[in-house]
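# What the coordinates show
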Amino acid sequence: MAERPAKQQKLDAAATPANVIIQFQSPEGEATGPQLDVPHDVTPEQLETLLNGLLQTEEKLPYSFFIEEQELAAELGAHLLKHKVSVESVLRVVYQPQAVFKVRAVTRCTASMPGHAEAVLSVNFSPDGRRLASGSGDTTVRFWDLATQTPKHTCKGHTSWVLVVAWSPDAVIVASGDHSGGIWLWDPASSKPLGQCKGHRKFITSISWEPAHVELPSRRFCSGSKDATIKVWEASTRRCLFTMSNHTQAITQVKWGGDGLIYSAARDCSINVWAAADGRMVRSLKGHGHWVNTMSLSTDYALRTGAFDHTGTAPADPEAAKAAAKQRYDAACGGRPERLVTGSDDFTLFLWEPSTQKQPLARMTGHMQLINQVTFSPDGRWIISASFDKSVKLWDGVKGTFVATFRGHVGPVYQVAWSADSRLFVSGSKDSTLKVWDLRSRKLLMDLPGHADEVFSVDWSPNGESVASGGKDKVLKLWRR
């Protein structure tokens, strides 16, 4: 009887080959270095050291490894057994560079800041992550001091609910749009109004600034409205430069891309692509069967933060800052044209490459209810979508394939926001909670109750330090480590 365990051991040893021949591959599919003969118990950390040696990097960079689309999280042999991967031929190991800094998950509410007299509809951190602006149903825009976690300024001027707040990529101007179609510009340092932009006849749904690598200091921005038009404005003169109108129903979102194009999504089921220089229509993307609610660019994070890096610092000289912003944008593109993902009331998402073709790269199905928000990770590698079916889904940001579902909310998920290192994200829901999720383990990291009612808006600061949330209970909450 004593011999049985020994036999069992032999079988297990035979099931896992002692050595495996691997070939590193870049994300673009090119082979890196020679084929390597590695032991089956090699860990991702050891592979990382090996790869850094092959690439001859000056300092050790972090990487994640994928075998047949599955991330390697444990020893190689255990992973191969679990996923039943054949080792008869050379094993291709695709490596993906990770962010060199790490954002820690927020764990507690450090400040509940009352002040707004109505629901908080929009919260936005500045591109450097040091300041916070919010818009509310009480017709005011408020600036908050993140160092002392107290209200700083209240900006009055709007005549109805403030629906949108948008920082310029150089963090010098804040634009806000309201329910009656008015747009105001504010100086965040002094909170004084810089003027009003008049022209839209119905409520403002979205505002997007011209990228920093195209123009610095920031001068122009575009706005989308329920009146089915997109207007491009000059910030210094508050003049409307031109109006783009081809949509037949309300605009739901506008994005100013880095390639000289402006994208607009609307309730007429189409996404239009415009030339930012003169407002000419370049192409129309059709495919959705219902209202298009939301869209995101693979370069969103680089466009939002401009020249500011993950520590919130940027060169003081405008030319140097512009060059830094261009470098960050090119790194976000990774040698490919920028991609666009759209989410709709028809429960589907589409992935596009709008600068080159009007056919979608992928149609992404799986949600059982309408999609409220979709957003690319800062590195452009992942997409998350928040839906009224109470789930958040994770998709591949290049191919559009489904990866995982995150369940935990007991009400519709309204908004999601990524951490700057693309390793974590936070979701806010009608169920009054925020939840922090871990991308690698695909699990819930932190449940953050605290709001007394629905959470309408959530944002993670670009420097990774804090998460801000606002909702129906009129309180703005800050969450930190």
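Everything below is about the structure shown above.
Read on for an overview of the structure. (Residues numbered from 1 in each chain as written. Predicted model: local features only at pLDDT ≥ 70, side-chain atom pairs only at ≥ 80, totals over all residues. Heavy atoms only, no water.)

By size, the foremost hydrophobic cluster in this structure holds 18 residues, and its most contacted members are Ile-22, Phe-24, Phe-65, Ile-67, Leu-76 and Leu-91. Looking at this core, the elements with two or more residues in it are strand 1 (19-25), strand 2 (31-39), helix 2 (44-55), strand 3 (63-67), helix 3 (76-82) and strand 5 (91-97). Core analysis: the next-biggest nonpolar cluster, separate from the first, contains 16 residues, Ala-420, Leu-434, Leu-448 and Trp-479 among them. (Core = buried A, V, L, I, M, F, W, Y, C linked by side-chain atoms within 4.5 Å. Buried < 20%, exposed > 50% of the residue type's maximum accessible area, 1.4 Å probe, protein only. Helix = DSSP H or I, 4+ residues; strand = E, 2+ residues; numbered from the N terminus.)

Turning to the environment of Asp-431, a few remarks are in order. By secondary structure assignment, the location of Asp-431 is in the loop between strand 32 (424-429) and strand 33 (434-438). Using a relative accessible area of 16% as the deciding quantity, one classes Asp-431 as buried. As a C-alpha pair, Asp-431 and Thr-342 span 89 residues in sequence and 25 Å in three-dimensional space. Setting aside residues no more than four positions away along its own chain, Asp-431 makes contact with His-409, Val-410 and Gly-411. Looking at Asp-431, its side chain comes within polar contact range of the side chain of Thr-433, at 2.9 Å. (Contact = heavy atoms within 4.5 Å. Polar contact = N/O pair within 3.5 Å; in protein donor to acceptor, adjacent residues only side chain to side chain.)

Over its 12 residues, helix 2 runs 16 Å from end to end, which matches the ideal 16 Å to within 8%, given 1.5 Å per residue. Buried within helix 2 are the following residues: Pro-44, Leu-47, Glu-48, Leu-51 and Asn-52. The arc enclosing the buried residues of helix 2, seen along the axis, measures out at 140°, which places them on a common side. Summarising the contacts, the buried residues of helix 2 are in contact with strand 1, strand 2, strand 3 and strand 5. Two residues or fewer past helix 2, Gln-56 is found with a positive phi of approximately 55°. (Expected span 1.5 Å × (residues − 1). Arc of directions from axis to C-beta.)

Now for the packing of aromatic side chains. Per the stated rule, a full pass over the model turns up 14 aromatic pairs. Ring-pair connections join several aromatic residues into one group, and the members of that group are Phe-24, Tyr-63, Phe-65 and Tyr-95. The ring centre of Trp-291 lies 4.0 Å from the NZ or CZ of Arg-267, which sits over that ring. Lying over the aromatic face of Trp-382, Arg-442 brings its terminal NZ or CZ to 5.8 Å of the ring centre. (Phe/Tyr/Trp six-rings, centres within 6.5 Å; stacked < 30°, edge-to-face > 60°. Lys NZ or Arg CZ within 6 Å of the ring centre and 35° of its normal.)

This part takes up the pairing of strand 3. Among the 5 residues in strand 3, 5 count as buried, and that is most of the element. The pairing of strand 3 with strand 5 spans 4 bridges and is classified as antiparallel. Counted as the bridge partner of Ser-64 is Gln-96 from strand 5. The pairing of strand 3 with strand 4 (residues 70-71) spans 2 bridges and is classified as antiparallel. Counterpart to Ile-67 in the pairing with strand 4 is Gln-70. Linking strand 3 back to strand 4 in an antiparallel pair, the connection comprises 2 residues, with Glu-68 at a positive phi of about 50°. (Pairing = 2+ DSSP bridges.)

Keep in mind these values describe shape, not function.
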